[in-house]
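The lines below spell out each chain.
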Amino acid sequence: MTIELLILMLILGSFVGVMAGLLGIGGGLIVVPALLILLPQAGIDAAISMNIALATSLSTIIVTSGSSALNHLKLGNVDMFVIKWLMPGVVIGGFIGANIAEWIPADYLPKVFGVIVLCLALQMLMSMKIITQRSMPASGLTAFYGSLIGLVSSLAGIGGGSLTVPFLNRHGVEMRKAVGSSSVCGCVLAISGMIGFILNGYSADNLPAFSLGYVYLPALAAIASTSMLTTRVGAKLATSLPTTVLKKIFALFLMFVAGTMLL
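Residues numbered from 1 in each chain as written. Predicted model: local features only at pLDDT ≥ 70, side-chain atom pairs only at ≥ 80, totals over all residues. Heavy atoms only, no water.

Caption draft 1: Structural context of the overall build of the protein chain. Each helix and strand in the protein chain was counted, giving 10 helices and two strands. Order of helices (α) and strands (β) in the protein chain, N terminus to C terminus: α-α-α-α-α-α-α-α-β-β-α-α. Its C-alpha atoms give the protein chain a radius of gyration of 17 Å, within 12% of the compact-globule value 18 Å for 263 residues. A principal-axis box enclosing the C-alpha atoms of the protein chain has dimensions of 55 × 35 × 35 Å. Relative to its full complement of 263 residues, the protein chain shows a buried share of 54%. Within the protein chain, contacts between residues separated by at least 24 positions form 83% of all contacts whose residues are at least 6 apart in sequence. For the protein chain, the accessible area works out to roughly 11200 Å², and carbon and sulfur atoms hold 72% of it. Where the 12 positive side-chain charges of the protein chain centre and where its 7 negative ones centre are 24 Å apart. (Helix = DSSP H or I, 4+ residues; strand = E, 2+ residues; numbered from the N terminus. Rg over C-alpha atoms; globule rule 2.2 N^0.38 Å. Buried < 20%, exposed > 50% of the residue type's maximum accessible area, 1.4 Å probe, protein only. Contact = heavy atoms within 4.5 Å. Areas by Shrake-Rupley, 256 points an atom, 1.4 Å probe, with all protein chains shown as cover. Lys, Arg positive; Asp, Glu negative; His and termini not counted. Charge placed at Lys NZ, Arg CZ, Asp CG, Glu CD.)

Caption draft 2: Spotlight on unusual backbone geometry. The backbone of N206 shows a phi angle near 60°, a positive value even though the residue is not glycine. Along the chain, the position of N206 falls in the loop between α8 (175–201) and β1 (211–212). Relative accessible area serves as the criterion here: at 54%, N206 is assigned to the exposed category. For F210, which is not glycine, the phi dihedral falls at a positive 60°.

Caption draft 3: Structural detail: the nonpolar core. Judged by nonpolar contacts, the single largest core of 70 residues is most densely connected at L35, L168 and F253. No other element matches the 10 residues that α8 contributes to this core. (Core = buried A, V, L, I, M, F, W, Y, C linked by side-chain atoms within 4.5 Å.)

Caption draft 4: Structural view of the environment of V165. Residue placement: V165 occurs in helix α7 (residues 161–170). Expressed as a C-alpha distance, the spacing of V165 and G180, which sit 15 residues apart in the sequence, is 9.0 Å.

Caption draft 5: Geometry of the UniProt feature "transmembrane region" (unreviewed entry) in the protein chain. Following the UniProt record, one finds the feature "transmembrane region" (unreviewed entry) at residues 6–39, 51–70, 82–100, 112–131, 143–168, 180–202, 214–233 and 245–262. Structurally, residues 143–168 comprises 85% helix and 0% strand, and the distance from its first C-alpha atom to its last is 13 Å. Segment residues 214–233 splits into 85% helix and 10% strand. End C-alpha atoms: 30 Å apart. (UniProt positions renumbered as here; feature names shortened; annotations may be inferred.)

Caption draft 6: Local environment of the packing of helix α3 (residues 46–74) against α8. Across the interface, α3 lies against α8 with an axial gap of 7 Å and an inter-helix angle of 145°. The two elements α3 and α8 meet at a crossing, and its hand is left-handed. In contact with N51, L54, A55, L58, S59, I61, I62, S65, G66, S68, A69 and H72 of α3, α8 contributes V179, G180, S183, V184, G186, C187, A190, I191, G193, M194 and F197. Of the residues that constitute the contact of α3 with α8, the class distribution is 13 nonpolar, 10 polar and no charged. (Axes fitted to C-alpha atoms, helices over the stretch in contact; angles between N-to-C directions. Left-handed = near helix turned anticlockwise from the far one by under 90°. Nonpolar A, V, L, I, M, F, W, Y, C, P; charged D, E, K, R; others polar.)

Caption draft 7: Main features of the pattern of salt bridges. Tallied over the full model, the rule gives one salt bridge. Across the pair R176 and E174 runs a salt bridge whose closest N-O atoms are separated by 3.0 Å. (Salt bridge = Lys/Arg side-chain N within 4 Å of Asp/Glu carboxyl O.)

Caption draft 8: Focus on the side chain of N71. Tracing the backbone shows N71 in helix α3. Once residues lying within four places of it in the same chain are set aside, the contact partners of N71 are T231, R232 and A235.

Caption draft 9: Summary view of the confidence of the model for the protein chain. Looking at the protein chain, pLDDT values average 81 and 91% of them are 70 or higher. At the low end of the mean pLDDT range in the protein chain sits helix α5 (residues 108–127), at 71; at the high end sits strand β2 (residues 215–216), at 93. (pLDDT = per-residue confidence, 0-100.)

Caption draft 10: Up close: the packing of aromatic side chains. If you walk through the whole model with that rule in mind, you get two aromatic pairs. With a centroid separation of 6.1 Å and an interplanar angle of 50°, the aromatic rings of F144 and Y145 are classed as tilted. Aromatic side chains Y145 and F167 sit 5.3 Å apart centroid to centroid with 55° between the ring planes, which places their arrangement in the tilted category. Remark: F167 occurs in helix α7 and Y145 occurs in helix α6 (residues 139–156); sequence separation between them is 22 residues. By relative accessible area, which is 13% here, F167 ends up buried. In textbook terms, an aromatic cluster arises when at least three aromatic residues are bridged by ring pairs, as seen for F144, Y145 and F167. (Phe/Tyr/Trp six-rings, centres within 6.5 Å; stacked < 30°, edge-to-face > 60°.)

Caption draft 11: Expanded view of the environment of L35. Along the polypeptide, L35 turns up in helix α2 (residues 28–38). The exposure class assigned to L35 is buried, which follows from its relative accessible area of 0%. Through-space distance from the C-alpha of L35 to that of S57 is 8.3 Å; in sequence the pair is 22 residues apart. The residues contacting L35, other than those within four sequence positions of it, are M9, P40, A53, T56, S57, A219 and I223.

Dropping the structure here:
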């Protein structure tokens, strides 16, 4: 880890923290692509860089989403029905996703997820014209949807906010509470996924020094140290900005990520 890489990861963490608080994402959509560029410069074998990027991303999400969740809890931006029923499914799906990640070709994951994210972005833009929205599904069905969110999110190394926020908003959860609830679910999902990647990584070859399974601890420390300081900025912005503005920001962000993954 050079000084230049350390500075870049500190800057990355600052940006991730703001986005986590503002949009309810854990930052994986930003961290994974960034680490795929930065990790080879740290001398990490390209054959395992994807797994390390996914695992390290989930580890940073524990900090960013956890800090964001605390800020949103203080601001009253959390829906307890979501926490009670969506989160258990998210945890189960996250652990399963981490365990099957090595069986899916890494080249396919970005493109599949890019299509999903693009659909979510278009749905978010269209939902601004919808006056009546669906109510939340029954508790069991909500937990099932949570398991799907956890599975896809873990495979992509994200905290699930890009899936959870549009899902909740489409089912009548006010945007600020969707963002806050997503932060809580994202933190727990990241813990589940990280445990899976740590266990699977112990038998991997060519792991870098200072790694815990697939989790690269120097990158985790650098990104987490600044992201946890800037989540409060994003959370305050989420509280003060109008709902329509939040939707537009989130949709544009998803479209940018989808384009990046597809191309």
